[in-house]
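Survey of secondary and tertiary structure
Chain by chain, the residues:
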Amino acid sequence: MTIQTEIQALREANPDHWRKAAALRVLAMDAVQAANSGHPGMPMGMADVATVLFEKHLKFDSSAPDWPDRDRFVLSAGHGSMLLYGLLHLTGYADMTLEEVKNFRQLGSKTAGHPEFGHAKGIETTTGPLGQGLATAVGMAIAETNMASRFGAKLVDHHTYVLAGDGCLMEGVSQEAITLAGHLKLGKLIVLWDDNGISIDGKLSMSDSTDQLARFEASGWDVRAIDGHDPAAIDAAIAAAKKTKTPSLIACKTHIGLGSPKKQDSSGAHGSPLGADEIAVVREIYDWPYPAFEVPADIAASWRETGARGKADRDAWEGRLAGSPQRKQDEFARVVAGEAPKRLASAVKKLKKQISETQPSVATRKASENALAAINPVMPETIGGSADLTGSNNTKTADLGVYSATDRKGRYVYYGIREHGMAAAMNGMALHGGVAPYGGTFLVFADYARPAMRLSALMGQRVVYVMTHDSIGLGEDGPTHQPVEHLASLRAMPNMQVMRPADAVETAECWEIALSAKSAPSTLALTRQNLPTLRTEHKSANLSAKGAYVLAEAEGKRQVVLLATGSEVSIAMDARAALQAEGIGTRVVSMPCWELFEAQDEKYRKRVLGGSAVRIGVEAAVRQGWDRWLMGDGGSAKKAGFVGMQGFGASAPAEQLYEHFGITAEAVATLAKQLL
């Protein structure tokens, strides 16, 4: 059968469906051509699946895109972004105008090359790095079940749909995601796989021969395979998937670039425009005699009806919400808005006062657990977890319970050894709304989670990464587990708040900052080794919120300023004592969060950094990034020094390692005197 006769058969079998799906295909072709950049093949291949999903199954109302109980649609195959933009435009999302579609991939448009969360309503998450959408959707499904257990199915009862491609399933994060979802029996998670057998390099068979149906089935999923161009089969498969108690994979066999004589079923349809001549031929094959970007009135009206189909459901839901007790309404609104409870600040202040009075010597990972023990009871939306390091990360408190396939009320997820999947799932929880996720691993394993952490920052989501064992201070596990470059690399990530508290008081303050954040994720870098309480005088104000502050002022003329973070602040305090004993006035500045300090005005920064005095940075990590504070805001290279790591660590007890690598109070004091 030729392409022409195949398309004619599809048109004749389902003429109304064909015309609606064709509108999606043509908009994608036209937008990619106008931009001279993009991926037309996937939208052309998956238009039938998307049309059936939106027309018959997806619960949404385009006039209320933030409706909390809407179904979530995640385009994991983000390169096919014009499929999503076409759907949003045709179904009537107010900010996805035709002009935006015409400006596809142009500076300042809402229609970026890959879907960007926050650019337009209806874009549920940023996708593009393959596999991230699928893994993020697992978190959305977790959040849905947890919220339903708290607020009831009358207020929370929706599905999460994912459109994924071959690349999404080949990325390693997909294995972490699908095994976690299968284990947790997330029955409202439905993945529609664009099984087109083509990647950028050509036929998928050149690089992969995985039986994906067997793989998903082995992971506890319901699986089925269909013709992705048969609307009846698509409808039946989605309807069946919605009835299962396990997550579902629907393998949709499709033709990439459907209808293009020169590019169908080839990589040529994947990452470049079809070309004006080829588009003209495809229009004839589609029987689409309309100019670029024009959708005939009857098809546009049918799509608008699809966009309004969920209004009745939304109206009924709003009635149920209004009929709920006022306290329940208020709490629902608060958690969906991501507002921290008012009791958070008072709980933290109470804990800080207790710490300053008792002055414990504890690791900041333990101080973090103590902070969570005070926070979790007053913040019921927190969902904690760890990548198989619960006892080391100290992330589980007694009141949480365990989230599982049989207990959706539990607030602690055992993620297993899935750092990347954990981070992506937490993104999904935060994006879904109503929950505040945090999860733990060792700081060195931020490398395993980094792609999802980067998306947390890019999307501005309140996700808290609890990264313990933050330096050579972890000791005997050695250089494979001792992070030296990780603080610098995470600080290099825009919009990531990297916090390294010096004691239990700062740890509590950092938790308050992280959970009160509106548009940024946070990384808490915490110690394995015990640290003394340095903040022995209780102050109600959250001093860490300014990023850096004077912990100890110089006695006499200020000649030296010691800048330190985390476990090295106590070393700086000991160095100060030695220098003061010799009559050298020395200030100690604790810098728990560089990003917050950078956000302060220049006057405050200069006041804290101490003008033209000698400045020494002290951190058991590489120097990269420190020169900003050692030389900027009134500093100078001639009076700047650093005590820290020059390379990788070693295996030995922590005390020996600090001596071996010269990160000691004596070394700091000696350097200060050399620079004076």
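What comes next concerns the included structure. As the structure is a prediction and not an experimental result, all values here were calculated from the model. (Residues numbered from 1 in each chain as written. Predicted model: local features only at pLDDT ≥ 70, side-chain atom pairs only at ≥ 80, totals over all residues. Heavy atoms only, no water.)

So, on to the nonpolar core. Soluble, globular proteins show a tendency: their nonpolar side chains are buried together. The biggest cluster of nonpolar side chains holds 70 residues, and the ones touching the most others in it are Leu186 and Leu189. For this core, the leading source of residues is helix α6 (residues 132–151), giving eleven residues. Other than its neighbours up to four places away in sequence, Leu186 contacts Val138, Ala141, Ile142, Ala181, Thr246, Pro247, Tyr403 and Arg408. Membership of the second largest hydrophobic core comes to 65 residues, among which are Ala50, Tyr85, Leu192 and Ala241. (Core = buried A, V, L, I, M, F, W, Y, C linked by side-chain atoms within 4.5 Å. Buried < 20%, exposed > 50% of the residue type's maximum accessible area, 1.4 Å probe, protein only. Helix = DSSP H or I, 4+ residues; strand = E, 2+ residues; numbered from the N terminus. Contact = heavy atoms within 4.5 Å.)

What follows covers the pattern of salt bridges. If you walk through the whole model with that rule in mind, you get 36 salt bridges. When the shortest N-O distance is used, the salt bridge between Lys59 and Asp69 registers 2.9 Å. A residue pair is termed long-range when its members are at least 10 positions apart, and Lys59 in the loop between α3 (41–57) and β1 (72–75) and Asp69 in the loop between α3 and β1 qualify at ten residues. The class for Asp69 is buried, based on a relative accessible area of 2%. With a closest N to O distance of 3.5 Å, Glu555 and Arg576 form a salt bridge. With a gap of 21 residues between them, Glu555 in the loop between β16 (549–552) and β17 (558–564) and Arg576 in helix α22 (residues 568–581) connect regions that are remote in the sequence. (Salt bridge = Lys/Arg side-chain N within 4 Å of Asp/Glu carboxyl O.)

With that out of the way, let us pick up the pairing of strand β12 (residues 464–468). Among the five residues that make up β12, five are buried, leaving the element largely enclosed by the rest of the structure. Burial of the side chains of β12 extends over both faces: Val464, Val466 and Thr468 are buried on one face and Tyr465 and Met467 on the other. Bridge analysis of strand β11 (residues 436–442) against β12 gives five bridges, and the strand direction is parallel. Across the sheet, residue Phe442 finds its bridge partner in β12, namely Thr468. Crossover β11 to β12 through helix α19 (residues 446–459) is right-handed. Pairing analysis gives four bridges linking β12 to strand β14 (residues 522–525), with the strands arranged parallel. (Pairing = 2+ DSSP bridges. Right-handed = clockwise from strand over helix to strand, strands pointing away.)

Here we come to the sheet that holds β14. As summarised here, the arrangement of the six strands in space is β10-β9-β11-β12-β14-β13, forming an open sheet in which the pairing is parallel. Bordering the open sheet on either side are β10 (412–414) and β13 (497–499), each of which pairs with just one other strand. Pairwise comparison of adjacent strand axes, ignoring direction, gives a mean angle of 20° for this sheet. Sheet topology places strand β9 (residues 382–386) next to β11; three bridges connect them, and they run parallel. (Axes fitted to C-alpha atoms, helices over the stretch in contact; angles between N-to-C directions.)

What follows is about α19. In a regular helix each residue adds 1.5 Å, so 14 residues correspond to 20 Å; α19 covers 18 Å between its end C-alpha atoms and thus fits that length. Along α19, the sharpest kink reaches roughly 40°, centred on Ala452. Along α19, the residues that are buried comprise Ala446, Ala449, Ala452, Met453, Leu455, Ser456, Ala457 and Met459. The inward-facing, buried residues of α19 abut α6, α18 (419–432), β11, β12, α20 (486–491) and β14. (Expected span 1.5 Å × (residues − 1). Bend = angle between axes of the 7 residues up to and from the residue.)

Nothing here speaks to function; it is all geometry.
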